[in-house]
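# Close look at the chain arrangement
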Amino acid sequence: MNGTDTSPWWHPQRHADRRPALLARARIDAAVRGWMAERDFLVIDPPGLQRSPGNETHLHAFATRMIGKDGQEQAMYLHTSPEFTMKKLLAAGETRIASLQHVWRNRERSALHHPEFTMLEWYRTGEPYEAIIDDTLAIIRLAAEVTGIAQFDFRGRVCDPRAEAERISVAEAFERFAGIDLLATMNADGMPDDAALAAQMERVGMALPEDRRWSYLFTHVLVEKVEPELGNGRVTVLDRYPACEAALARRVPGDPRVSERFEVYACGVELANGFGELTDAAEQRVRFNAEMDEKARIYGERYPVDEDFLAALDFMPEASGVALGFDRLVMLATGAQRIEAVLWAPVAE
């Protein structure tokens, strides 16, 4: 869709304009499913309706009510990710699983965001998260091969999906692109120091946002200075996030300040977010509660913790997983500039 066409998405002429990208989407979907099957991934279909939609501060869910036979109502949510269900299946004994389905996130709509979108998520048990990173890069290349696009091009930034990917830690990226020593703003256990990060931002001439908590300062630098530099020319793997910014990832052995979390970028667009998965239920509970305390402070609401999920972590083996924004990948692989251009039917505004 372009910004000047005001006809509805279902108008025959507009649909004819959109159809080539939609057909490419269907081909990429089939290719991904085939790729997964060739590597013994079982593609599953988790339910979208959940007791907890996830417990991250800035993820917002759609809420509903489920009415039982006795007329009693129970709060339910459309999931923001199939993660909890998939990890329960890992606890049950599955070893390689994938999901390609719709998820829902409230308060999100832009050229790169849609309230209902498609997420490709997959997990490997007993394998390091480097294997999941390799998978992610292979899927990105696969999408480019399906459409035959020579390079991704988004808002004037270009990226060769076939080139060897760049891999850089978050700390290295902050030093290179913002002149900030991020690890110096945390203690040896990974506890962040708000004032230390604020002082470094002032030293390099960055304006401080109104909220000067470490997490907000971190995000401000990441968005303003780091993300625009990622995925230019080739795909970038941004690796080893601060542990306090990775609620579902395990810490890096030998350095509790950072975690086994990575994100993948192309043309400055975040495509995927993955982890070496945390399986310590006690630590996960502490992290969830901290996230919900922050959500309550900022937004005045909190989501319930999925006790069934925490119980399943006691049975879950070591695993790695990743969630990839399928629509964004299709955008880049077709040259589209808005996410709605590659959705069969966008949510009505």
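These numbers come from a predicted model, not from an experiment.

Before going further, it helps to spend a moment on the overall build of the protein. Helix and strand counts for the protein come out as nine helices and 16 strands. Each principal axis of the C-alpha atoms in the protein carries an extent, and together these give about 60 × 60 × 40 Å. Counting all 349 residues of the protein, 50% fall into the buried class. Look at the contacts in the protein between residues 6 or more apart in sequence, and 67% of them connect residues 24 or more apart. Averaging the coordinates of the 40 positive side-chain charges in the protein and doing the same for the 56 negative ones gives two points 3 Å apart.

Counted residue by residue, strand β16 (residues 319-325) has seven buried out of seven residues, so it is predominantly covered. Direction of pairing for strand β6 (residues 116-125) relative to β16: antiparallel, over a ladder of seven bridges. The partner of Glu-121 across the bridge, within β16, is Ala-323. Both strand β15 (residues 269-276) and β16 contribute to a ladder of five bridges, which runs antiparallel. Within the sheet, the bridge partner assigned to Asn-273 lies in β16 and is Ala-323.

A few words now on the sheet that holds strand β1 (residues 42-43). Taken in spatial order, the eight strands line up as β1-β5-β6-β16-β15-β14-β11-β9 in an open sheet, and their pairing is mixed. The open sheet has two free edges, formed respectively by β1 and β9 (166-169), since each of these has just one partner strand. Across two bridges, the pairing between β1 and strand β5 (residues 96-104) is parallel. Paired with Val-43 across the bridge in β5 is Ala-98. Across the sheet, helix α1 (residues 12-38) touches β1, β5 and β6, and the angle it forms with β6 is around 15 degrees.

All told, the structure shown has eight aromatic pairs when counted by the stated rule. With 4.3 Å between their ring centres and 10 degrees between their planes, Phe-84 and Phe-309 make a pair best called stacked. Taken together, the residues span a long stretch of sequence, with Phe-84 in helix α2 (residues 83-92) and Phe-309 in helix α8 (residues 307-313) at a distance of 225 residues. The structure contains a cluster of three or more aromatic residues connected by ring pairs, namely Phe-174, Trp-214, Phe-218 and Tyr-241.

Criteria and cut-off values
Residues numbered from 1 in each chain as written. Predicted model: local features only at pLDDT ≥ 70, side-chain atom pairs only at ≥ 80, totals over all residues. Heavy atoms only, no water. Helix = DSSP H or I, 4+ residues; strand = E, 2+ residues; numbered from the N terminus. Buried < 20%, exposed > 50% of the residue type's maximum accessible area, 1.4 Å probe, protein only. Contact = heavy atoms within 4.5 Å. Lys, Arg positive; Asp, Glu negative; His and termini not counted. Charge placed at Lys NZ, Arg CZ, Asp CG, Glu CD. Pairing = 2+ DSSP bridges. Axes fitted to C-alpha atoms, helices over the stretch in contact; angles between N-to-C directions. Phe/Tyr/Trp six-rings, centres within 6.5 Å; stacked < 30°, edge-to-face > 60°.

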